Amino acid sequence: MGNRQIPISFEFFPPQTPEGTEKLTAARKRLAAVNPEFFSVTFGAGGSIQDRTLGTIKQIHAEGHHAAPHLSCVGSTRENIRALLFAYRDMGIKRIVALRGDLPSGMGSIGEFQYANELVSFIRAETGDHFHIEVAAYPEFHPQAKSARDDLLNFQRKMNAGANSAITQYFYNADAYFRFVEECRTLGVTAPVVPGIMPIVRFSQLARFSDTCGAEIPRWMRKTLEGYGDDNESVQAFGLDVVTRLCEKLVAGGAPGFHFYTLNQAGASLEILKRLGYRA
Ligand SMILES: Cc1cc2nc3c(=O)[nH]c(=O)nc-3n(C[C@H](O)[C@H](O)[C@H](O)COP(=O)(O)OP(=O)(O)OC[C@H]3O[C@@H](n4cnc5c(N)ncnc54)[C@H](O)[C@@H]3O)c2cc1C
């Protein structure tokens, strides 16, 4: 249907096992065929998870792709964050997704940073303009926000601290995204806000994610998906239709790109992109 072809990026989590690493390498090879702008890798509190992020980033970089590590600051120290920033800079990494993150329950103190805007300021102070800094945006608002307005002002604070662009939490209601972008423009935030796209592969998993991160699955979708029960084929067919239509609306409304939450799988993201007219 002649959609505008906007830049795309793909997000992975760092695999825990050699088999996971092999599968991700294969998925990445397939995804690379649609010429993404970059591949990003999530980051979690805890030393071993952080080493896996660094390892996966090294691998992506060595394959010749643009790699963007996520970096969360909660529970961390300036010294720790500085060491990681310098390691990434020295490897030739040029883009970072800067986040507050969430501390797993029962785990340690909040650390030396409280909010993502402090991390953005720190990255700029330590490394100048070396990195393109992405931050997180929430068209349906962050679950801990005091109010929608506060969340928007806190987002503005992150951008003013020196972020270049934002990637949103996933959503299935395009109007929430359009409204959020409009509000940003009213506040003078002109940077690109790239929609985060979550393909629907397994309903139980999606419902679990959505309950914790505050992304709404509209009732009509939830009811339909629940109705399919264990029939994963129908879940996926419905998911592809709904998410493709969402992407079409986003392109038509001026979205500057798509960031796919791949969950380390290529199939659903590629099928959506194919339906949107991208060639692998
Ligand atoms: C694209 C994307 C990628 C992500 N990747 C990861 C990842 O790799 N690892 C991970 O652990 N999590 C990740 N997350 C989840 C994210 O860490 C959580 O949503 C976390 O709870 C908030 O992070 P943030 O950077 O948005 O925080 P912040 O921008 O700091 O906001 C957190 C909350 O605090 C409020 N707030 C912000 N600044 C202030 C302030 N100065 N004063 C008072 N209140 C304030 C906000 O309104 C919001 O409610 C990702 C989310 C997105 C959208």
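This text follows the structure it describes.
Residues numbered from 1 in each chain as written. Predicted model: local features only at pLDDT ≥ 70, side-chain atom pairs only at ≥ 80, totals over all residues. Heavy atoms only, no water.

Trainee: Which residues make up the pairing of strand S8 (residues 258-261), and what values go with them?
Mentor: The two faces of S8 match: Phe-258 and Phe-260 on one face and His-259 and Tyr-261 on the other face are all buried. Two elements, strand S1 (residues 8-12) and S8, share 4 bridges in a ladder whose sense is parallel. Pairing of Ile-8 across the sheet is with Phe-258, part of S8. (Buried < 20%, exposed > 50% of the residue type's maximum accessible area, 1.4 Å probe, protein only. Helix = DSSP H or I, 4+ residues; strand = E, 2+ residues; numbered from the N terminus. Pairing = 2+ DSSP bridges.)

Trainee: Lay out the pattern of salt bridges in plain terms, naming residues and giving numbers.
Mentor: Taken as a whole and assessed by the stated rule, the structure comprises 12 salt bridges. As a salt-bridge pair, Glu-126 and Arg-82 come within 2.9 Å of each other at their nearest N and O atoms. Placement of the pair is Glu-126 in helix H4 (residues 116-127) and Arg-82 in helix H3 (residues 78-91), with a sequence separation of 44 residues. According to the relative accessible area criterion, Glu-126 is partly exposed, its value standing at 26%. Judged by relative accessible area, which is 28%, Arg-82 ranks as partly exposed. In this structure, Arg-89 engages Asp-90 in a salt bridge whose closest nitrogen and oxygen atoms are separated by 3.4 Å. Of the residues examined, Arg-89 reaches a relative accessible area of 30% and is grouped as partly exposed. The exposed category is assigned to Asp-90, whose relative accessible area is 60%. (Salt bridge = Lys/Arg side-chain N within 4 Å of Asp/Glu carboxyl O.)

Trainee: Report on the packing of aromatic side chains, specifying residues and quantitative values.
Mentor: Applying the stated rule across the entire model yields 12 aromatic pairs. Plain terms: the ring middles of Phe-10 and Phe-39 are 6.1 Å apart, the flat faces sit at 25 degrees to each other, and that makes the pair stacked. Of the two residues, Phe-10 is situated in strand S1 and Phe-39 in strand S2 (residues 38-41); the sequence distance between them amounts to 29 residues. Comparing Phe-10 with Phe-39, the two get one shared label, buried. Between Arg-78 and the ring centre of Phe-113, over which it is positioned, the NZ or CZ distance is 5.2 Å. In this structure, Arg-89 packs its charged tip against the face of Phe-86, placed 4.4 Å from the ring centre. (Phe/Tyr/Trp six-rings, centres within 6.5 Å; stacked < 30°, edge-to-face > 60°. Lys NZ or Arg CZ within 6 Å of the ring centre and 35° of its normal.)

Trainee: Pulling in residues and values, what's your account of the environment of Arg-82?
Mentor: Arg-82 sits 44 residues away from Glu-126 along the chain, and the two C-alpha atoms are 7.3 Å apart. Not counting chain neighbours up to four residues away, the residues in contact with Arg-82 comprise Phe-122 and Glu-126. (Contact = heavy atoms within 4.5 Å.)

Trainee: A description of the nonpolar core should follow, citing residues and the corresponding values.
Mentor: Membership of the largest hydrophobic core comes to 85 residues, with the highest contact counts inside it found for Phe-10, Phe-155, Tyr-172, Leu-250 and Phe-258. Here the element with the most residues in this core is helix H9 (residues 232-252); it accounts for 9 residues. Contacts of Tyr-172, omitting those with residues within four sequence positions, involve Glu-140, Met-198, Ile-200, Leu-206, Glu-216, Pro-218, Met-221, Val-243 and Leu-246. (Core = buried A, V, L, I, M, F, W, Y, C linked by side-chain atoms within 4.5 Å.)

Trainee: How would you sum up the site of the ligand? Please name residues and give values.
Mentor: Neighbouring residues of the ligand: 23 residues in total, closest Phe-43, Arg-100, Tyr-138, His-142 and Asp-151. The side chain of Tyr-138 places a nitrogen or oxygen atom 2.7 Å from an oxygen atom of the ligand. At 2.8 Å from an oxygen atom of the ligand is found a side-chain nitrogen or oxygen belonging to Lys-158. Relative to its unbound accessible area of 960 Å², the ligand is 86% covered by the protein chains. (Near = heavy atom within 4 Å. Polar contact = N/O pair within 3.5 Å; in protein donor to acceptor, adjacent residues only side chain to side chain. Areas by Shrake-Rupley, 256 points an atom, 1.4 Å probe, with all protein chains shown as cover.)

Trainee: An account of the side chain of Ser-40 is needed here, citing residue identities and associated values.
Mentor: As for its placement among the helices and strands, Ser-40 is situated in strand S2. For Ser-40, a relative accessible area of 0% gives the class buried.

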